[in-house]
Structure formats: C-alpha cells, structure tokens
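Spelled out from the first residue to the last, the chains are:
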Amino acid sequence: MDTTRGRHPHTGSAGAANPPGDDAELFWEKHHTTRHTWGERANPLLVETAEPLAPGAALDLGCGAGGDTVWLARHGWQVTAVDISSTAVEGVRTHARDLGVGSRVTAEQHDLARSFPAGEFDLVSAQYLQTPFPLPRGRVLRAAARALRPGGLLLIVDHGSTAPWSWNRDPDTHYPTPGEVAADLGLDPGQWPVVRAEMPRRQAVGPAGETATVIDNVLLIQRTAA
C-alpha cells in the first residue's frame, strides 16, 4: 500500500520475489524501527465501511502504523490490533495511549502464518494483507470470517494494480479480483454472503511523495448466522 497511510508498503502481490531480510518478522521489524509517526491516517475504504456502523469489537489484521486502529478507537470501537512486528505493536499501543484511547486498543504480536488472535468481532479489516513472504492468506481470511459475530463484516482490500513504487514491477503480475478472492476462500454463501465486490480507482501517494492512480480490489463479506 502507499506508505503515507501508515501500513505495509506495496508488495506487488503474488509472484513477488522476497525482499532482502532473513525472514518476515525481521524484515518488518527493520521497516518499523525507522518509523517516526504512528496512526497518522486511516484507509478511506475502512472509514467508508465503518462510519455507518454502530461501534463494536473490531480486529485490524496487519495493523502497521495503526492508522485504522486509532480511527476505529476514536470512533468508539474496541480494537484488537495485530502485527508481525513487535515494534509496530508497541508503537500502536503507545500512540493509542497518548491519544487517550488506550483502553479501547489491545495490540498483539502475531505471525498470522502461525497464530490468530482470539475473540469474536463485529468488523474484521484486512487492508493490503499481501506480503512478499509465504503466508497462507486463504486460511487466515477464512479464520477471520469464522471470527465474525452474526451480522459482522469482513473487509478485504487488496492491491489491484502495480504502482511506480511497487517492489514487484513485473507487468505480467496477476492481481486476484474480488470474485477470485471470494472463490478461493470457499465460504458458504448462505452463511457468508458477499455484499460488495468492486475495483475502484484512487490517487495514491508513494514513499517519496510521487502520485499515481491505482486500483483497489474490495471484497466485503457479512456473516449472517453462527
């Protein structure tokens, strides 16, 4: 994603070569130890989805700098924020406390390839949960769907195009469409119907201030029954 929104930078999705680093946790630790700001901006698709909802329990998967976590907490949500980086987790926890919403934020370190946070949620947000390291994404997102309370929403926002600052600049990279992501999850549509599947365009800002039009792949799933 574009780094001005405070989460993980654009990985290029499937087919990306691993960036330098010994493993995923070490790589993201190095990334977040250079960060000087926390929780500065929320993803607009998260805001658009959550604003009409009554506050409840939310899960922010791959919280990064915590922009979405902080926005949700400031709007009355109880938020569980998880990230593979202990630096990110501590940064989000400290920033929430400094803003006076620390009681609404539980920040936990998880490598989602190995563990998933406990609890039931009214909203699960998976914003740009794409990584150049091995991740059983389908399994993680199915766990997220199962963690929803009846009526709860799972918001999945993925990169749908290559930005000029992407790690993977391969023009043949395939970005799974929302329909393809839904099909891969294999959820029972009677219990987890798709309520939104779109590919909107937006203006994004890269790490050096450059701008480009990018595509977001948006999938919104609701749990209708326990």
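Attention shifts here to the overall build of the protein. A count of helical and extended segments in the protein gives six helices and eight strands. For the protein, the α and β elements follow one another from N to C terminus as α-α-β-α-β-α-β-β-α-β-α-β-β-β. Considering the protein as a whole, with its 226 residues, one finds that 54% of them fall into the buried category. Taking the intrachain contacts of the protein between residues at least 6 apart in sequence as the baseline, contacts between residues at least 24 apart amount to 73%. Within the structure as shown, the protein displays about 9,700 Å² of accessible surface, and the carbon and sulfur contribution to it stands at 50%.

Tallied over the full model, the rule gives seven salt bridges. Residues arginine 149 and aspartate 122 are paired through a salt bridge, measuring 3.0 Å at the closest nitrogen-oxygen approach. One end of the pair, arginine 149, is in strand β5 (residues 148-159); the other, aspartate 122, is in strand β4 (residues 121-127), with 27 residues separating them in the sequence. As a salt-bridge pair, arginine 196 and glutamate 198 come within 3.0 Å of each other at their nearest N and O atoms. Take glutamate 198: its relative accessible area is 39%, and that puts it in the partly exposed class. A single salt-bridge network, built from bridges that share partners, covers Glu48, Arg196 and Glu198.

Attention shifts here to unusual backbone geometry. A positive phi angle, close to 55°, is found at tyrosine 128, a residue other than glycine. In this structure, tyrosine 128 sits in the loop between β4 and α5 (137-146). According to the relative accessible area criterion, tyrosine 128 is buried, its value standing at 4%.

All right, on to the packing of α5 against helix α6 (residues 178-185) then. Relative to each other, α5 and α6 sit at 80°, their axes nearing to 9 Å. One element, α5, and the other, α6, form an angle in the roughly perpendicular class. Taking contact as the criterion, the partners of Arg137, Gly138, Leu141 and Arg142 in α5 are, on α6, Val181, Asp184 and Leu185. Of the residues contributing to the contact of α5 with α6, the split by class is three nonpolar, one polar and three charged.

Take the confidence of the model for the protein next. The predicted coordinates of low-pLDDT regions are not to be read in fine detail. Predicted confidence across the protein gives a mean pLDDT of 86, with 87% of residues reaching 70 or more. Segment residues 1-22 is flagged for pLDDT under 50; beyond a separation of four residues in sequence, or across chains, it makes 87 contacts in the model.

The rules behind these values
- Numbering of residues begins from 1 in every chain and follows the order in which that chain's sequence is written.
- With pLDDT at 70 or above as the cut-off, local features in this predicted model cover only qualifying residues; side-chain atom pairs require 80 or more to be listed or tallied, and sums for whole chains, interfaces and linings still use all residues.
- As a convention, hydrogens and water are excluded, and side-chain values are obtained from all of the structure's heavy atoms.
- Working definition: helices are DSSP H or I runs of at least four residues, strands are E runs of at least two. Numbering for both runs from the N terminus.
- Note on classification: 1.4 Å probe, protein chains only; a residue is buried when its accessible area is under 20% of the maximum for its type, exposed when over 50%, partly exposed between these limits.
- The contact criterion used is simple: two residues touch if any of their non-hydrogen atoms lie within 4.5 Å.
- Accessible surface area values rest on a Shrake-Rupley calculation with a 1.4 Å probe, where residue burial reflects the displayed protein chains alone.
- We count a salt bridge whenever a side-chain nitrogen from Lys or Arg sits within 4 Å of a carboxyl oxygen from Asp or Glu.
- All axes are obtained by fitting lines to C-alpha atoms, using only the stretch in contact for helices, and the reported angles, taken between N-to-C directions, cover 0 to 180 degrees.
- Oblique is the label for any angle not under 35 degrees, not over 145, and not in the 65 to 115 range, which are roughly parallel, roughly antiparallel and roughly perpendicular in turn.
- Gly falls in the polar group here, along with every residue not listed as nonpolar (Ala, Val, Leu, Ile, Met, Phe, Trp, Tyr, Cys, Pro) or charged (Asp, Glu, Lys, Arg).
- pLDDT is a residue-level measure of predictor confidence that goes from 0 to 100.

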